[in-house]
Amino acid sequence: MSTPVLAAANVTKSYRLGKREIPVLRGVDLALMPGERVALLGASGAGKSTLLHVLGLLDAPTSGQVLFDGRPVHDLPVAERARLRHEHTGFVFQFYHLIPELTALQNVLLARMMATSTLAYWRTRGAARAAAMDLLAQVGLQDRLHHRPSELSGGERQRVAIARALLAEPKVVLADEPTGNLDSATAAGVVELMFSIQQQRGLAFLLVTHNEDLARRCDRIVRMRDGVVQGEPART
Amino acid sequence: MIAAFSPFLALRYLLTRRINLLAMFGVTFAVWAMIVVNSVFTGFVSEIRTDVRRASPEMMLTDLPLDTGYEPLRAALEADTAVAATAPRLRHHGLLQPLRVPKGLQPRTEAAELNFDHMESGFALLLGIDPAREEAVTPLRQWVARSEEVFALHHVMLPPSTVLLDPDPDRRAQLLLPDATEWLARRRAGLAVDTPKSEYRSAWPGVLLGWRRAPYTPWLREGDPIDLLTAASVPTTDGTPQLRSHRVRVAFAGYFATGYRAFDETTALLPIETLRTMFGQDIHDPDSIDLVTDVAIRLQPGLSAHAITAARDRLQRAAQAVLPAGSAPCSVLDWQQQNTVFLSAVATEQAMMQFVLFVVMLVAAFVIYAVLHMMVVQKWKDIGILSALGGTPRAVGAVFLLCGVVVAVLGTALGTGLGTLSALSLNDANEWLFATTGLELFPRRLFDLQQVPVRLDPAWLVQVATGAIVFAVLVALFPARKAARMNPVQAFAHE
Ligand SMILES: Nc1ncnc2c1ncn2[C@@H]1O[C@H](COP(=O)(O)OP(=O)(O)OP(=O)(O)O)[C@@H](O)[C@H]1O
Ligand SMILES: [Mg+2]
């Protein structure tokens, strides 16, 4: 049996509100295998986003472990966690989160500028540009390279965000309701695109969604309730 | 290492947000003001110090007991190898009243009105000098010669007095005017003249007035008689002090201009013998003493500051040794110590001005802080994205720090350039403005200067430029730190 590319081991997370401790995650165990496509379902407020942030090292667990390729990483120094986040995971959010001052191409390129120095980037900027344009072409935006987010539709923005998440060639993509803000036709297009790229690149994919149909197209469904997860097979 | 996205994003933020220009121009203005204002002020201060220096002897022995004679002090002081020359001085105060006052110009005091304006009331600090000795210690001739330039600046053509150029040393010592001049002046004043012009010999000691008195007595002409009134407290035979007044007639001999305002306003130079005689020390009386209140000293040229300080202490001891035993300590003051009140007032003013300029800089720094802080608050979502993409807190903070650095460096460069240019072309600009609009940015004549005295100090330029950049960057550190410490997860909370 191979090691999970990303795993949570007995992860808890609680927030402090004044004197009260509010537990959100109460001991989550979750393992994501390479190339695996997992759906995460749960009622609003169940802690899905919180779990995603902890798995992506954006937030620290209160207790428990986060493991990348079997290695505990949640308590590494902040710069080290940033580097791992950059190399290991790509995020896709419900609200796209593009930088409004930058064009589609620049937003994607930003993912290449995280771990390289200015000088190193300057020397390899040609290759980076080619890679970014290639990705944008893959998501069907070859004609929108120099548009700013405000000049793009919701679906187009999400495609830019997907391209950005993929540019650093991560092993895992964490998607938090990526189609939650799109109409069903556009959403279908974005989903097809994501699934095809995921398959093609053999990415581990954790998809937070409220859509049961979408969830059923994954390898595995994980349900969150009361701060813990319960797995079940998805495909029938 | 600076991650590539930090400068990239900083540049985009700067270019898309015009408020950064405001911060930049704030720095530009502050730097510009610091350079221009300080250059002009430094110029003025150095001009003022030059004037004060010209008006003061290099060193002065003062705080002497009453009834001190010059000769023993001269011998003691000139025995020192550091001393080049000494000159006796007798200071007192008095009132000057020109005899001849044109009709309609009667002084207001005659209308039974008290007048406290010392120049109109004729009040003067009388400085008795021995012209021959004084010339060896202070630029006395230059003081007189400069009056012509100064009057010319006020569009008055007045040749300088020639009393110091009389070939006869005895007449020069008395500051006597040419015989014919005094004869004519007597006639003008309506005094009886029973000698023919050719046989007349000048008799009134001359008095040289500071040029700043000229506007109050514009009718005065060379040789015009002036009554000099002075009073002193003298002990009588039974020991009680008594106020005794003295009056003597002197002749107006011309003006002098040292450039030091206070000196030129108050001082009247007259032969020391005239003052001594008034105090009962007539030179023809064998019991008289060559009375002095101060001794002006010129040192040998080229002495180091250390040697000058050493000489000062030595001279003080030498002078004290010849004073009667038990006398209060006398003082030897260098030219700055003689004018310490005035000079320290000027220095305080400059410090105050620099403080005000610093406040301008503070405001500029605050603008940078406010603009960056606003940017961090508005960009908290971007900060979350950058973290999600793998940006370290340091690199995220660097985005905002770099914005501050660019604003500070550009603003400083612009301000330094403009400031230098303004300082260098200040006089041209002033003249051009005056020629085209009649306005004067810097009223030069108010200070009797040909030019606005700009003094651009390269050290100050460097200081201001580095100071501004360092200061702005320090201030930018706060918003940058705030950005670095932001919790990225908050950016992804539901909208
Ligand atoms: N910073 C915080 N401070 C306090 N409580 C928080 C904080 N962030 C999240 N929570 C709480 O944690 C719980 C889980 O939030 P989370 O966003 O993970 O839910 P979710 O499952 O993603 O919901 P949704 O489906 O609506 O996105 C919620 O009750 C929320 O109020
Ligand atoms: Mg959520």
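Above this text you will find the structure in question.
The model shown is predicted, which means the values in this text are computed figures rather than measured ones. (Residues numbered from 1 in each chain as written. Chains lettered and ligands numbered in written order. Predicted model: local features only at pLDDT ≥ 70, side-chain atom pairs only at ≥ 80, totals over all residues. Heavy atoms only, no water.)

## Looking at the overall build of chain A
Within chain A, the secondary structure is distributed over seven helices and 10 strands. The C-alpha atoms of chain A give a radius of gyration of 18 Å, which matches the 18 Å a tight globule of 236 residues would have. By its C-alpha atoms, chain A is 45 × 45 × 40 Å across when sized along the principal axes. Within the span of chain A, comprising 236 residues, buried residues form 54% of the whole. Of the contacts made within chain A by residues no fewer than 6 positions apart, 70% connect residues no fewer than 24 positions apart. Summing over all exposed atoms, chain A offers an accessible surface of approximately 10300 Å²; the carbon and sulfur share of this is 50%. Taking the average place of the 28 positive charges on the side chains of chain A and the average place of its 23 negative ones, the gap between the two points comes to 4 Å. (Helix = DSSP H or I, 4+ residues; strand = E, 2+ residues; numbered from the N terminus. Rg over C-alpha atoms; globule rule 2.2 N^0.38 Å. Buried < 20%, exposed > 50% of the residue type's maximum accessible area, 1.4 Å probe, protein only. Contact = heavy atoms within 4.5 Å. Areas by Shrake-Rupley, 256 points an atom, 1.4 Å probe, with all protein chains shown as cover. Lys, Arg positive; Asp, Glu negative; His and termini not counted. Charge placed at Lys NZ, Arg CZ, Asp CG, Glu CD.)

## A closer look at the environment of Asp130(B)
All names here are of chain B. Residue position: Asp130 is located in the loop between β4 (123–129) and α5 (131–137). Sequence separation between Asp130 and Ala325 is 195 residues; the distance between their C-alpha atoms is 28 Å. In this structure, Asp130 is in contact with Pro88 and Ile272, ignoring residues within four places of it in sequence.

## A word on the side chain of Asn20(B)
All names here are of chain B. Counting through the fold element by element, Asn20 comes out in helix α2 (residues 19–55). Among the residues examined, Asn20 registers a relative accessible area of 5% and is labelled buried. One polar contact links the side chain of Asn20 to the main-chain carbonyl oxygen of Arg17, over a distance of 3.2 Å. Ignoring any residue separated from it by four or fewer positions in sequence, one finds Asn20 in contact with Tyr13, Leu14, Val371, Met375 and Val407. (Polar contact = N/O pair within 3.5 Å; in protein donor to acceptor, adjacent residues only side chain to side chain.)

## Concerning the sheet that holds strand β2 (residues 20–32) of chain A
Residues and elements named next belong to chain A. Ordered by their spatial adjacency, four strands build an open sheet running β2-β1-β4-β5, and the pairing between neighbours is antiparallel. Each edge of the sheet is formed by a strand with only one pairing partner; in this case those strands are β2 and β5 (71–72). Pairing between strand β1 (residues 6–17) and β2: 10 bridges, direction antiparallel. Among the inter-strand pairings, Leu17 is bridged to a residue of β2, identified as Arg20. (Pairing = 2+ DSSP bridges.)

## Remarks on the pairing of strand β1 (residues 59–62) of chain B
Residues and elements named next belong to chain B. Covered by surrounding structure in β1 are Met59 and Leu61 together with Met60 and Thr62, the residues of both alternating faces. Both β1 and strand β10 (residues 294–299) contribute to a ladder of three bridges, which runs antiparallel. Each bridged residue has a counterpart across the sheet, and for Met59 the counterpart in β10 is Ile297. Direction of pairing for β1 relative to strand β11 (residues 331–334): antiparallel, over a ladder of four bridges. Opposite Met59, over in β11, you have Asp334 as the bridge partner.

## Some points on the packing of aromatic side chains
All chains considered together, the criterion is met by 13 aromatic pairs over all chains. Both rings, one in Tyr260(B) and one in Phe342(B), keep their centres 5.2 Å apart while their planes meet at 40 degrees; by these two values the pair is tilted. Taken as a pair, Tyr260(B) in the loop between β7 (241–256) and α9 (261–266) and Phe342(B) in helix α13 (residues 340–378) lie far apart in primary sequence, 82 residues in all. Accessibility expressed as a relative area gives 32% for Phe342(B), which makes it partly exposed. By way of ring pairs, the aromatic residues Phe151(B), Trp211(B), Phe252(B) and Tyr255(B) are connected into one cluster. For Arg125(A), the ring lying beneath its charged end belongs to Trp122(A), and the centroid distance is 4.0 Å. (Phe/Tyr/Trp six-rings, centres within 6.5 Å; stacked < 30°, edge-to-face > 60°. Lys NZ or Arg CZ within 6 Å of the ring centre and 35° of its normal.)

## Describing the pattern of salt bridges
All names here are of chain B. The tally for this structure, following the rule as stated, stands at 30 salt bridges over all chains. Its salt-bridge partner being Asp80, residue Arg314 comes within 2.8 Å of it at the nearest N-O pair. A residue pair is termed long-range when its members are at least 10 positions apart, and Arg314 in helix α11 (residues 305–322) and Asp80 in the loop between α3 (70–78) and β3 (83–98) qualify at 234 residues. On the accessibility criterion, Arg314 (33% relative accessible area) is partly exposed. In this structure, Asp179 and Arg171 form a salt bridge, with 3.0 Å as the shortest nitrogen-oxygen distance. Of the two residues, Asp179 and Arg171, neither departs from the other in class, the shared state being buried. Connected through salt bridges with shared partners, the residues Glu71, Arg74, Glu78 and Arg133 form a single ionic network. (Salt bridge = Lys/Arg side-chain N within 4 Å of Asp/Glu carboxyl O.)

## Focus on the nonpolar core
With 95 residues, the main nonpolar core has Leu110(A), Leu136(A), Phe5(B) and Phe400(B) as its most contacted residues. One finds Leu96(B), Leu275(B), Met278(B) and Ile297(B) within the second-largest nonpolar core, a separate group that totals 43 residues. (Core = buried A, V, L, I, M, F, W, Y, C linked by side-chain atoms within 4.5 Å.)

## Remarks on the environment of Ala31(A)
All names here are of chain A. Mapped onto the fold, Ala31 is located in strand β2. With relative accessibility at 29%, the residue Ala31 sits in the partly exposed group. Expressed as a C-alpha distance, the spacing of Ala31 and His146, which sit 115 residues apart in the sequence, is 39 Å.

## Some words on the interface of chain B and chain A
When the parts of a complex come together, some accessible area is lost, and that lost area is often used as the size of the interface. Contacts between the two partners involve 31 residues from chain B, matched on the other side by 29 residues from chain A. Of the roughly 2600 Å² buried where chain B meets chain A, counting both sides, 71% is carbon and sulfur surface. Three residues stand out in chain B for area buried against chain A, namely Leu389(B), Val489(B) and Phe492(B), and they jointly supply 22% of the buried area on that side. On inspection of chain B and its partner chain A, the count reaches one salt bridge. As a salt-bridge pair, Glu101(A) and Lys379(B) come within 2.4 Å of each other at their nearest N and O atoms. For the pair chain B and chain A, the number of links is five residue pairs in polar contact (both at pLDDT 80 or more). Taken together, the elements giving at least two residues each to the side of chain B that touches chain A come down to α1 (5–16) and α14 (380–388) of chain B. For the side of chain B that touches chain A, the element with the most residues is α1(B), which contributes seven residues. Here the side of chain B that touches chain A is composed, by residue class, of 18 nonpolar, seven polar and six charged. (Buried area = accessible area lost by both parts, 1.4 Å probe. Nonpolar A, V, L, I, M, F, W, Y, C, P; charged D, E, K, R; others polar.)

## A word on the side chain of Gln158(A)
All names here are of chain A. With respect to the helices and strands, Gln158 occurs in helix α5 (residues 154–167). A relative accessible area of 0% means that Gln158 is categorised as buried. Residues within four places of Gln158 in sequence aside, it is in contact with Val92, Phe93, Gln94, Tyr96, Pro178, Leu182 and Val190.

## A few points about a nonpolar patch on the surface
All names here are of chain B. Together, Leu21, Phe25, Phe29, Trp32, Leu414 and Leu418 make up an exposed nonpolar region whose accessible area comes to about 540 Å². Elements represented by at least two residues in the nonpolar patch include exactly α2 and α15 (393–424). Among the elements that take part in the nonpolar patch, α2 stands out by supplying four residues, more than any other. You can see Leu21 is positioned in helix α2. (Patch = residues over 30% accessible without salt bridge, like charges linked within 9 Å, V, L, I, M, F, W, Y side chains within 5 Å.)

## Overview of unusual backbone geometry
The phi dihedral of Asp226(A) falls on the positive side, at around 50 degrees, and the residue is not glycine. Phi is positive for Leu175(B), which is not a glycine, with a value near 55 degrees. With respect to the element layout, Leu175(B) can be found in the loop between α7 (169–173) and α8 (179–188). For Leu175(B), a relative accessible area of 0% puts it in the buried group.

That's the geometry; what it means functionally is another story.
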